[in-house]
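# What the coordinates show
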Protein chains: 2
Amino acid sequence: MNAELIAVGTEILLGDIVNTDAQVISQGLSELGIDVFYQTVVGDNPERLERVIREAADRADIIITTGGLGPTLDDLTKETLARVFGKEMELDGSSLERIRTFFDRIGREMTPNNEKQAWLPKGCTVFVNEWGTAPGCAFEANGKHVIMLPGPPRECEPMFRQCAMPYLYPLAGGCIVSRNIRVFGLGESAMESRLHDLMESMHNPTIAPYAKVSECFARVTAKADSTEAAEALLAPVVDQVAAMLGEDVYGIDVDSLEQVVGDGLRARGLTLAVAESCTGGLLSKRITDVAGCSDYYLGGVCSYSNAVKRNVLGVRAETLEQYGAVSQETAEEMAAGVAHALGSDVGVGITGIAGPGGGTDEKPTGLVYISIFFNGECNTRRTVNTFGRDRVRNQAASTALDMIRRYILSENLH
Amino acid sequence: MNAELIAVGTEILLGDIVNTDAQVISQGLSELGIDVFYQTVVGDNPERLERVIREAADRADIIITTGGLGPTLDDLTKETLARVFGKEMELDGSSLERIRTFFDRIGREMTPNNEKQAWLPKGCTVFVNEWGTAPGCAFEANGKHVIMLPGPPRECEPMFRQCAMPYLYPLAGGCIVSRNIRVFGLGESAMESRLHDLMESMHNPTIAPYAKVSECFARVTAKADSTEAAEALLAPVVDQVAAMLGEDVYGIDVDSLEQVVGDGLRARGLTLAVAESCTGGLLSKRITDVAGCSDYYLGGVCSYSNAVKRNVLGVRAETLEQYGAVSQETAEEMAAGVAHALGSDVGVGITGIAGPGGGTDEKPTGLVYISIFFNGECNTRRTVNTFGRDRVRNQAASTALDMIRRYILSENLH
């Protein structure tokens, strides 16, 4: 069983965006044991789109397209696939209703061209789009399976995982179960070399390393006739991998570091407040990405100017003068200051030079001090990251969360 | 003149890496006015590689491959292209010498398989690899131009820019210039229906609508013999499109709403502070994504708990009791309060229900109040978004920035 990916979008051919959908889908298919031999990108052009569809139909069992499902004139994926596979199009009432409701909710007029999104190949399986307006769909014809997904990654990724993969399970033969072992504080290559021999020796389950922004994870995937059998294969290998990666593992099948830290704070009845300079609110944003964070998160202060550091956080003028805004001393007074000002158990202080400019020999661009205040004491780390403003800021926010996990939430401390 | 991109690498088909080379090369070709109609990814398999090469040779003038130039057995790109185009391979002495020197320099033994990298199609133009070991190359055969580049982005990108683009200049008839008209407050479909007739009638320049998170843009693209001629074609159409989209246009060829607002505040010597509840620091994070924002941004307060709203921002207890934390009144006291507490000219207050839970009939999930304080007055908007926590928060942050642009920075106000 093999699949071919077709991305439809002139913006990819122009280099405006990278085809990240292809990666997400290819990873999922490889988990399912479905081979991918070709990926193609084609523009919003009916003749060329038809050409690549016919090529794919000639050499693949499953065709998965991304993009071209939208309301505009140049969105042609559904119409072209339907034509090639001899399917009629019909208006799907429930999809139309969902789109209408959406426009009512946001109080915008639904322009007529939006109805186009509710026209689908007759008899297809509809993938409800809970992340946007254009529904996806799947159908079987001439012995081939055709799956259409929207192009925007924020819609494509969840729809592939939640709608397309279940559709593919029966085709994949047997069922696949994966566990993601999430790691912070260890690079992907370091993780891979630690797991290398085990990875080489394992075939079912398989172990694959993946890198994410400022963290990485190992995915263990087992294939079996039943979920139970797959779980049974997984359990010992997951334990073994987790043991090999030790304290750098922050969770298994968890959403994120912010989720793990939030759950830990809630479980211990601790409250959190953060003071951010160079991260500018990114840490607070990530903490509040987690629904229900108001159980433990009181709030934060972005003290971009020194006046705010002094007046709101109570950082002493002498500290700023003597050691500078980017210093261990300032980070610690920020951490203690925000805990005091907001009345939290745990306080975080982050100050650094995100760049691109502002660095000196003594304090280079990418230098960040991160301090965690708890029980009257500060635990502070100095990090330097040279990968640019975004990476510096993400790394600093992640490090702060990881320090709370290691120093405050680790079981052996309580 | 059109080009087709072929990426050779099983790691892309497995989803281990994203095909970023395709973006870099497509951007460069679009600058040269060379169309890209297809991009293909194929694994390290000689039959399938030959198949996509023959397809590309059938439909493109220029074939550009990335990857498969390395020393290992499964690196087959050069050999396969040479076979398809009837070229002999020969050992390139200077390339071999460079590879030897490279290994001497890093003090590692040059294993025999590395010599493979110095075998190139007879009579080709050699692209010296100053960023790795495998040279790239280009040749013309059967009226087609073939260019081979290494796969690793750190080698592919500079070699494309410094070697391949100069090779392509003489082939690139004319050049292409684009303008992006950035829009907030109008959906993609609404924008498209407004521009529909013009889009249909135009062929050079062309007009294309694109969607981004909580905003969209129209790209106007002109093709001509010279940049000047393309600019001349663009100017009137860009003006026409901008006029048709009116006040919803926040900039042309600008980076982002936060960049436009930042430049406007700097130009007017105004300072900004923000108070965020449901956005949790996202707005502050986006403002500080812009390097140099310390010129106008003093800082922010994430007042997730009511205690912080009262104690740090000075929101009155009666207001919270009588109208609730999610209300126009609270948003306005947050906006005025943060401007007062941090001493800024402009204050932003955002309070809402990001969800997934917490909604009521009267105050549904996705309801957000956004208030802008300036010159002693508040300007407040109520928005409802039903696309889930992330979209609600992004929409709210973007709306706050757009309100500053419309109500404070718009020329006619000053």
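In case you missed it, the structure is sitting above this.
Computed from a prediction, not measured in an experiment: that's the story for all the values here.

What counts and what doesn't
- Residues numbered from 1 in each chain as written.
- Chains lettered and ligands numbered in written order.
- Predicted model: local features only at pLDDT ≥ 70, side-chain atom pairs only at ≥ 80, totals over all residues.
- Heavy atoms only, no water.
- Helix = DSSP H or I, 4+ residues; strand = E, 2+ residues; numbered from the N terminus.
- Buried < 20%, exposed > 50% of the residue type's maximum accessible area, 1.4 Å probe, protein only.
- Areas by Shrake-Rupley, 256 points an atom, 1.4 Å probe, with all protein chains shown as cover.
- Lys, Arg positive; Asp, Glu negative; His and termini not counted.
- Charge placed at Lys NZ, Arg CZ, Asp CG, Glu CD.
- Pairing = 2+ DSSP bridges.
- Axes fitted to C-alpha atoms, helices over the stretch in contact; angles between N-to-C directions.
- Contact = heavy atoms within 4.5 Å.
- Salt bridge = Lys/Arg side-chain N within 4 Å of Asp/Glu carboxyl O.
- Buried area = accessible area lost by both parts, 1.4 Å probe.
- Nonpolar A, V, L, I, M, F, W, Y, C, P; charged D, E, K, R; others polar.
- Expected span 1.5 Å × (residues − 1).
- Phe/Tyr/Trp six-rings, centres within 6.5 Å; stacked < 30°, edge-to-face > 60°.
- Lys NZ or Arg CZ within 6 Å of the ring centre and 35° of its normal.
- Polar contact = N/O pair within 3.5 Å; in protein donor to acceptor, adjacent residues only side chain to side chain.
- Disulfide = S-S within 2.5 Å.

Our next topic: the overall build of chain A. The number of helices and strands found in chain A is 14 helices and 17 strands. Its C-alpha atoms put chain A at 75 × 55 × 40 Å along the principal axes. Buried residues in chain A amount to 58% of all 414 residues. Accessible area for chain A stands at about 16100 Å²; split by element, carbon and sulfur atoms hold 48% of it. For chain A, the distance from the average position of its 37 positive side-chain charges to the average position of its 56 negative side-chain charges is 3 Å.

What follows is about the sheet that holds strand S8 (residues 144–149) of chain A. Read across the open sheet, the 12 strands follow the order S6(A)-S7(A)-S8(A)-S3(A)-S1(A)-S2(A)-S2(B)-S1(B)-S3(B)-S8(B)-S7(B)-S6(B); overall the sheet is mixed. Two strands in the sheet have a free side with no partner beyond their single neighbour: strand S6 (125–127) of chain A together with strand S6 (125–127) of chain B. Between one strand axis and the next, the sheet turns through 15° on average, direction left out of account. Both S6(A) and strand S7 (residues 136–141) of chain A contribute to a ladder of three bridges, which runs antiparallel. Bridge pairing in S7(A) links A:Val126 to A:Cys137. Relative to strand S1 (residues 2–8) of chain A, helix H2 (residues 20–32) of chain A is tilted by about 165°, and along the sheet it contacts S1, strand S2 (35–42), strand S3 (62–66) and S8 of chain A.

Residues and elements named next belong to chain A. Summarising burial for strand S11 (residues 215–224): nine of the 10 residues are buried, a large majority. Of the strand pairs in this sheet, strand S9 (residues 175–183) and S11 are connected by nine bridges, and their pairing is antiparallel. Following the sheet pairing, Ser-178 is matched in S11 by Thr-221. Note that strand S10 (residues 206–212) and S11 share seven bridges and pair antiparallel. Looking across to S11, one finds that Lys-212 is bridged to Glu-215.

Another aspect to go through is the pattern of salt bridges. The full count for this structure, using the stated rule, is 50 salt bridges over all chains. B:Asp248 serves as the salt-bridge partner of B:Arg194, at 3.9 Å between the closest nitrogen and oxygen. Remark: B:Asp248 occurs in the loop between helix H8 (227–245) and strand S12 (249–252) and B:Arg194 occurs in helix H7 (residues 188–201); sequence separation between them is 54 residues. Here B:Asp289 makes a salt bridge to B:Lys285, at a shortest N to O gap of 3.1 Å. A relative accessible area of 21% means that B:Lys285 is categorised as partly exposed. The network of salt bridges with shared partners includes A:Glu4, A:Asp58, A:Arg59, B:Arg51 and B:Glu55.

What follows covers the interface of chain B and chain A. One frequent convention defines the size of an interface as the accessible area lost when the parts assemble. Taken residue by residue, the interface counts 76 residues in chain B and 73 residues in chain A. Where chain B abuts chain A, roughly 5900 Å² becomes buried across the two surfaces, and 54% of that area is made up of carbon and sulfur atoms. Three residues stand out in chain B for area buried against chain A, namely B:Leu13, B:Gln39 and B:Phe387, and they jointly supply 10% of the buried area on that side. Here B:Arg393 and A:Asp289 are joined by a salt bridge, their closest N and O atoms 2.7 Å apart. Considering only residue class, the side of chain B that touches chain A consists of 31 nonpolar, 29 polar and 16 charged. Here S2(A) pairs with strand S2 (residues 35–42) of chain B via five bridges, running antiparallel. The residue bridging A:Thr40 from the neighbouring strand is B:Thr40, located in S2(B).

Residue and element names in this part refer to chain B. Strand order across the open sheet formed by four strands is S10-S11-S9-S12, with antiparallel pairing between neighbours. Of all the strands in the sheet, the pair left with one neighbour each is strand S10 (206–212) and S12. Going across the sheet, the axis of each strand differs from the next one's by a mean of 25°, ignoring polarity. Where strand S9 (residues 175–183) and S12 come together, three bridges link them in antiparallel fashion. If you follow Arg-182 over to S12, its bridge partner there is Gly-251.

Taking burial as the measure, the seven residues of strand S1 (residues 2–8) of chain B include seven buried ones, the bulk of the element. Burial along S1(B) is two-sided: the residues B:Asn2, B:Glu4, B:Ile6 and B:Val8 and B:Ala3, B:Leu5 and B:Ala7 are all buried.

Residue pairs three or four apart in sequence face the same way in an α-helix, which turns once every 3.6 residues. Residues and elements named next belong to chain A. The element helix H4 (residues 77–84) is extensively covered by neighbouring structure, given that six of its eight residues are classed as buried. Residues Thr-77, Lys-78, Thr-80, Leu-81, Ala-82 and Val-84 constitute the buried set of H4. Gly-86 sits one or two positions beyond H4 and adopts a positive phi of about 60°.

Residue and element names in this part refer to chain A. End to end, helix H9 (residues 257–268) covers 17 Å across 12 residues, agreeing with the expected 16 Å (1.5 Å per residue, within 8%). Turning to H9, its buried residues are Leu-257, Glu-258, Gln-259, Val-260, Val-261, Gly-262, Gly-264 and Leu-265. Those residues of H9 that are buried are in contact with strand S12 (249–252), strand S13 (272–276), helix H10 (282–287), strand S15 (346–352) and helix H14 (389–409). Of the residues trailing H9, Gly-269 is marked for its positive phi of about 65°.

As a further point, take unusual backbone geometry. Note: most peptide bonds trans; most residues except glycine with negative phi. Residues and elements named next belong to chain A. With an omega of 5°, the peptide bond between Asn-204 and Pro-205 qualifies as cis. Topologically, Pro-205 is positioned in the loop between helix H7 (188–201) and S10. Unusually for a residue other than glycine, Asn-142 sits at a positive phi of about 50°. Take Asn-142: its relative accessible area is 61%, and that puts it in the exposed class. Positive phi values are uncommon outside glycine, yet Asn-375 reaches one of about 50°. With respect to the helices, strands and loops of the structure, Asn-375 is situated in the loop between strand S16 (367–374) and strand S17 (377–384).

A word on the packing of aromatic side chains. Counted according to the given criterion, the structure contains 10 aromatic pairs over all chains. Clustering of aromatic rings is evident, with ring pairs tying together A:Phe102, A:Phe103 and B:Phe387. One cation-aromatic arrangement involves A:Arg59 over A:Tyr38; the distance from NZ or CZ to the ring centre is 3.6 Å.

As a further point, take the environment of B:Ser26. Following the sequence through the fold, B:Ser26 ends up in helix H2 (residues 20–32). Side-chain polar atoms of B:Ser26 contact the backbone oxygen of A:Leu13, separated by 3.4 Å.

Our next topic: the state of the cysteines. Considering all chains together, one arrives at zero disulfides over all chains under this definition. The cysteine A:Cys378 is free of any disulfide, with A:Cys278 supplying the nearest cysteine sulfur at 16 Å. Its relative accessible area of 30% is what places A:Cys378 among the partly exposed residues. Of all cysteine sulfurs in the structure, the one in B:Cys124 sits closest to B:Cys137, which takes part in no disulfide; the separation is 4.2 Å. A relative accessible area of 1% means that B:Cys137 is categorised as buried.

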